[in-house]
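Residue-level structure breakdown
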Amino acid sequence: MSCPTNPHVALSRTPPPNDRELDLDGLCVAIGRAPAGELRYEAPVHVSTWIDTPHVAVELRLATDLARQIDQAPGSLFFVPSGTEFWTRWREESRWVQVSAAPEVVAELLRDRAAGRPDPRPALVAARDPAIDAIAALISREIRSQAPDRLYLSSLATAWLARVHGKDGSADPAIATCMPRLQTVRDYIHAHLTADLSLRALARVADLSAEHLRRSFLQVFGETPFAYVRRERVRL
C-alpha cells in the first residue's frame, strides 16, 4: 500500500492534505491540519485519527447514524473502518495525527497478538486513551524531525494499531507509558556517542531498571540498546 495524500476517497470535496506523511511498508503515518471545513468520504483503509486541537465543535454522520455534535477536546480518537461512509464538518482549524492501514495489513500485524485473526474493530467516535496520547505525541515529534527513523515510527504505528484494535498482547503492558523515556534514551545516545553508554548508564537516564530498559528498547526499536549504540557509533 502506498501512502496517499490522504487515506480517504472524497465523495463531496477534496480531502485536506497531510502536512507530512510516510509510507512504512503497508502502514501510513501522517500529521496534518485544516481550516474549518466539511468532508464526506469513504475510507478505503482502516483510518484512526487522534485530534490535537482544543474545543472544536464537530458534526458527524457515520454510516446510517444520525448526525451528532461533539465538543472535541485534545486527545479525541476516531477510528473509521475500511469501507465506512463518514460525513463530518468542523468549525475551527483542526490538527491531527493519523495512522492508516489496509485491513489485511492490520490482521497480519496483530496475528501474533490475538487468538487467530483479530475481529473487525467497530468505529470509535471521540474515544480517549492515555496510551494513544503518548504514542501520538511521539509520532508527531519523530515525523517532524529532519531524518525520521522509519523503524521507530513503524513500531509506534504497530503499538497504536494494537491499542486501537484492543488486541494489545505486548510482553510489557506498560510499554506505551514508558515510550517517552525510551525517546529520552534514544536522544541521549545521539548526543553522547563518545560517552559511557552502558546499559546501566542508560537505565539511569531513563529511570528504569536495566532489564526493563533492555526489554522495552528491544520491543520498540527492534534492537537492544547495545546494538543500537554500536550501529550509531559505526555511522560516526
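The coordinates are above.
What comes next concerns the included structure. (Residues numbered from 1 in each chain as written. Predicted model: local features only at pLDDT ≥ 70, side-chain atom pairs only at ≥ 80, totals over all residues. Heavy atoms only, no water.)

Next up on the list: the sheet that holds strand E3 (residues 27-34). In spatial order, the strands read E2-E3-E10-E5-E8-E11; together these 6 strands make up an open sheet with antiparallel pairing. Strands at the two margins of the open sheet, each flanked by one partner only, are strand E2 (18-23) and strand E11 (124-127). Strand-to-strand twist across the sheet, computed as the mean angle between neighbouring axes with direction ignored, equals 15°. Relative to E3, E2 runs antiparallel, the two sharing 5 bridges. Residue Arg-20 lies in a different strand from E3, and its bridge partner there is Ile-31. Across the sheet, helix H2 (residues 130-143) is in contact with E2, E3, strand E5 (46-51), strand E8 (77-80) and strand E10 (94-101); its angle to E3 comes to roughly 85°. Of the strands in this sheet, E2, E3, E5, E8, E10 and E11 touch helix H3 (residues 150-164), which is tilted by about 85° from E3. (Pairing = 2+ DSSP bridges. Helix = DSSP H or I, 4+ residues; strand = E, 2+ residues; numbered from the N terminus. Axes fitted to C-alpha atoms, helices over the stretch in contact; angles between N-to-C directions. Contact = heavy atoms within 4.5 Å.)

What follows covers the pairing of strand E4 (residues 37-42). What you see with E4 is a clean split: Gly-37, Leu-39 and Tyr-41 sit on the buried side and Glu-38, Arg-40 and Glu-42 on the side with no burial. Two elements, E4 and strand E9 (residues 85-90), share 6 bridges in a ladder whose sense is antiparallel. Pairing of Arg-40 across the sheet is with Trp-87, part of E9. (Buried < 20%, exposed > 50% of the residue type's maximum accessible area, 1.4 Å probe, protein only.)

With respect to the element layout, Glu-142 can be found in helix H2. A distance of 2.8 Å separates the side chain of Glu-142 from the backbone nitrogen of Asp-149, its partner in a polar contact. Not counting the four nearest positions on each side in its chain, Glu-142 is found in contact with Ala-147, Pro-148, Asp-149, Tyr-152, Leu-153, Gln-183 and Arg-186. (Polar contact = N/O pair within 3.5 Å; in protein donor to acceptor, adjacent residues only side chain to side chain.)

Packed helix pairs are specified by the crossing angle of their axes together with the interaxial distance, meaning the distance between the axes. Taken N-terminus to C-terminus, the directions of helix H4 (residues 179-191) and helix H5 (residues 199-206) make an angle of 125°; their axes are 9 Å apart at the nearest point. The angle between the axes of H4 and H5 places the two elements in the oblique class. Between H4 and H5 the crossing geometry is right-handed. Of the residues in H5, those touching H4 at Arg-181, Thr-184, Val-185, Tyr-188 and Ile-189 are Leu-202, Val-205 and Ala-206. In terms of residue class, the contact of H4 with H5 is made up of 6 nonpolar, 1 polar and 1 charged. (Parallel < 35°, antiparallel > 145°, perpendicular 65-115°, else oblique. Left-handed = near helix turned anticlockwise from the far one by under 90°. Nonpolar A, V, L, I, M, F, W, Y, C, P; charged D, E, K, R; others polar.)

Here we come to the packing of H2 against H3. One way to put it is that H2 packs onto H3 with a least axis distance of 10 Å and a crossing angle of 155°. As far as their axial angle goes, H3 and H2 are roughly antiparallel. H3 is crossed by H2, and the crossing has left-handed handedness. Counted together, Ala-131, Ile-132, Ile-135, Ala-136, Leu-138, Ile-139, Glu-142 and Ile-143 of H2 and Tyr-152, Leu-153, Leu-156, Ala-157, Ala-159, Trp-160, Arg-163 and Val-164 of H3 form the full contact between these two elements.

With that out of the way, let us pick up the nonpolar core. Counting 28 residues, the largest nonpolar core has Val-29, Ile-139, Leu-156 and Trp-160 as its most contacted members. At 8 residues, H3 tops the list of elements feeding residues into this core. Setting aside chain neighbours within four positions, we find Val-29 in contact with Arg-20, Glu-21, Leu-22, Leu-24, Gln-98, Val-99, Ile-139, Ile-143, Leu-153 and Ala-157. Within the second largest apolar cluster, 14 residues are counted, among which are Val-185, Leu-197, Ala-203 and Leu-213. (Core = buried A, V, L, I, M, F, W, Y, C linked by side-chain atoms within 4.5 Å.)

Time to look at the pairing of E10. Within a regular strand, the side chains alternate between the two sheet faces. Burial within E10 is extensive, with 7 of its 8 residues counted as buried. Where E3 lies against E10, 8 bridges are found, and the strand directions are antiparallel. Each bridged residue has a counterpart across the sheet, and for Ala-34 the counterpart in E10 is Ser-94. Across 6 bridges, the pairing between E5 and E10 is antiparallel. Pairing of Val-47 across the sheet is with Ser-100, part of E10.

A few words now on H5. Among the residues making up H5, those that are buried are Ala-201, Leu-202, Ala-203 and Ala-206. Taken from the residues just after H5, Asp-207 is the one with a positive phi, measuring 60°.

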